[in-house]
Amino acid sequence: MGNFVTFEGIEGCGKSTQIQLLAEWLISMGQRVVLTREPGGTELGERIRMLLKAGDVGKHFSAKAELLLFEASRAQHVEEKILPALAHGDSVLCDRFLDSSTVYQGVARKIPPPDVALLNSFAAANLLPDLTIIVDITPEESVKRLLKRGGQIDRIEGESVKFFKDVRSGYLAMAEGDPRFLVVNGDQSISNIHGEIRREYGARFM
Ligand code: T5A
């Protein structure tokens, strides 16, 4: 079985940048890597992603409907892509996974955590990552980076600072004392963060 590594954090924390750098490093060492994301990662999942991120439609999403869409994308992703790749011995690097549902839908949208946990394990067929890297920044830094990036703000990016404070504290509480998680300070240079992630990956899997 290959290693399953997921990246988490609030919007703009730098996880897409870091997952790409980790993939490039592993490939440069001759490893087979599958780089993927949630929501998305399959044809059906990418269609669901478009629905979930659509701007003004979001105002009418019920929290339960939103959760079920994330879980539908996850179920397809795990069955069609992640499990076969792991069984083939590939390392799977995934930009967000079930911990996003735990904190966005459970903590921030206040769906009862046991309901989210049940749907997470159902959709993921009880699969858990070997390592989850949380790239941690403050909601204030997140807003600065989104403004700097420019372009359109999507439905979830448009939530309040309080929402992202809840998401961030949900992540930090989840990681507390659980060896599955590495929390990295995302308010450092891109290369320092990458170095920290490489060291941890090397210590665990090489
Ligand atoms: N969601 C998802 C749920 O609610 N429940 C779920 O179950 C799941 C799976 C997904 C959305 O869906 C929600 C969460 C999300 O709202 P997404 O596209 O994965 O959307 O989420 P985002 O977090 O919005 O992804 P982004 O691509 O916008 O942000 P990243 O990946 O965190 O950051 P990145 O690498 O693109 O960088 C953002 C900007 O910061 C700069 C980059 O150059 C870029 O401009 N940057 C840095 N600047 C300074 N210092 C650094 N160290 C930097 N690193 C990157």
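Higher on the page you've got the structure.
Given the structure is predicted, the values throughout are model-derived calculations rather than measurements.

Rules used in this analysis
- The residue numbers shown here count from 1 along each chain, following its written sequence.
- This being a predicted model, a pLDDT of at least 70 is required before a residue's local features are given, and a value of 80 or more before pairs of side-chain atoms are given or counted; all residues contribute to the totals for chains, interfaces and linings.
- To obtain the side-chain values, all non-hydrogen atoms of the structure were included, while hydrogens and water were left out.
- Definition of nearness: a residue and a molecule or strand are near each other if at least one heavy atom of the residue lies within 4 Å of the molecule or strand.
- Between N or O atoms, a polar contact is any pair within 3.5 Å; within protein, one atom must be a potential hydrogen donor and the other a potential acceptor, and residues adjacent in sequence are included only when both atoms are from side chains.
- Under the convention used here, a 1.4 Å probe and the Shrake-Rupley method define accessible areas, while residue burial counts only the protein chains that appear.
- A run of H or I in DSSP becomes a helix once it reaches four residues, and a run of E becomes a strand once it reaches two; helices and strands are each numbered from the N terminus.
- Note on residue categories: nonpolar means Ala, Val, Leu, Ile, Met, Phe, Trp, Tyr, Cys or Pro, charged means Asp, Glu, Lys or Arg, and polar means any other residue, Gly included.
- Residue exposure (1.4 Å probe, protein chains only): buried if accessible area is under 20% of the type maximum, exposed if over 50%, otherwise partly exposed.
- The contact definition used throughout considers only heavy atoms, calling two residues in contact when any of these lie within 4.5 Å.
- Two distance rules govern patches: like charges are joined within 9 Å, and nonpolar side chains (Val, Leu, Ile, Met, Phe, Trp, Tyr) within 5 Å, applied only to residues with over 30% relative accessible area and no salt bridge.
- A side-chain nitrogen of Lys or Arg and a carboxyl oxygen of Asp or Glu constitute a salt bridge if their distance falls within 4 Å.
- When DSSP finds at least two bridges between two strands, those strands are taken to pair.
- Here an axis means a line fitted to C-alpha atoms, over the contact stretch when the element is a helix, while the angle between two N-to-C directions is reported on a 0 to 180 degree scale.
- Buried Ala, Val, Leu, Ile, Met, Phe, Trp, Tyr and Cys residues form a nonpolar core when they are joined through side-chain atoms within 4.5 Å.

Colleague: Help me out: how do you make sense of the site of the ligand in this one?
Modeller: Around the ligand, 26 residues are found, and the nearest of them are Glu11, Ser16, Thr17, Arg96 and Ser101. Gly12 places a polar main-chain atom, nitrogen or oxygen, 3.2 Å from an oxygen atom of the ligand. Within the backbone of Gly14, a nitrogen or oxygen atom sits 3.0 Å from an oxygen atom of the ligand. For the ligand, whose free accessible area comes to 1000 Å², the fraction covered by protein is 82%. Put simply, the parts of the chain that give the shell around the ligand at least two residues each are helix H1 (15–28), helix H2 (43–53), helix H3 (63–87), helix H4 (98–108), helix H6 (139–149) and helix H8 (190–205). Ranked by the residues each element gives to the shell around the ligand, the list is headed by H4, at four residues. The residue inventory of the shell around the ligand, partitioned by class, reads seven nonpolar, nine polar and ten charged.

Colleague: Got a minute to help me understand the environment of Asp187 in this structure?
Modeller: Tracing the chain through its elements places Asp187 in the loop between strand S5 (181–185) and H8. For Asp187, a relative accessible area of 51% translates into the label exposed. With 46 residues separating them in the primary sequence, Asp187 and Glu141 have C-alpha atoms 8.1 Å apart. Setting aside residues up to four positions removed in sequence, Asp187 forms contacts with Asp136, Ile137, Glu141 and Arg145.

Colleague: It is not clear to me how a nonpolar patch on the surface should be interpreted in this structure. Could you clarify?
Modeller: Together, Val143, Leu147 and Val161 line one region of the surface with nonpolar side chains, adding up to about 270 Å² of accessible area. Of note, Val161 is situated in helix H7 (residues 161–175).

Colleague: Would you mind showing me how to read the sheet that holds strand S2 (residues 33–37) here?
Modeller: Sheet strands pair by backbone hydrogen bonding; their relative direction is either parallel or antiparallel. Spatially, the five strands line up as an open sheet ordered S2-S3-S1-S4-S5, and their pairing is parallel. Edge positions in the sheet fall to S2 and S5, since each of these pairs with one other strand and no more. Taking each pair of neighbouring strands and ignoring which way they run, the sheet shows an average axis angle of 20°. Sheet analysis places strand S1 (residues 4–8) next to strand S4 (residues 131–136), joined by four bridges and oriented parallel. From the neighbouring strand, Phe7 faces S4, where its bridge partner is Ile133. Contacts from H1 reach S1, S2, strand S3 (91–95) and S4 within the one sheet, and its direction differs from that of S3 by about 165°.

Colleague: Whenever I open this one, the environment of Glu157 confuses me. Can you help?
Modeller: Following the sequence through the fold, Glu157 ends up in the loop between H6 and H7. Taking the C-alpha atoms as reference, Glu157 lies 27 Å from Glu196; in sequence the two are 39 residues apart. Not counting residues up to four positions away in its chain, the partners in contact with Glu157 are Glu11, Leu146, Arg149, Gln152 and Phe164.

Colleague: Just to check I follow, could you spell out the nonpolar core for this structure?
Modeller: Looking at soluble globular proteins, one finds that nonpolar side chains tend to be buried together. Residues Leu22, Leu93, Tyr104, Ile133 and Val167 are the most contacted members of the largest nonpolar core, which totals 35 residues. Elements with a contribution of two residues or more to this core: S1, H1, H2, H4, S4, H7, S5 and H8. Setting aside its immediate chain neighbours within four residues, Tyr104 contacts Gly9, Ile10, Glu11, Arg96, Arg109, Ile156, Phe163, Phe164, Val167 and Tyr171. Counting twelve residues, the second largest nonpolar core, distinct from the first, contains Phe4, Ala85, Val92 and Cys94.

Colleague: What should I look at first to understand the side chain of Glu66 in this one?
Modeller: Its location among the elements puts Glu66 in helix H3. For Glu66, a relative accessible area of 1% puts it in the buried group. At 2.8 Å, the side chain of Glu66 and the side chain of Gln105 are in polar contact. Those residues in contact with Glu66, other than ones at most four positions away along the chain, are Leu52, Phe61, Gln105, Arg109, Arg155 and Ile156.

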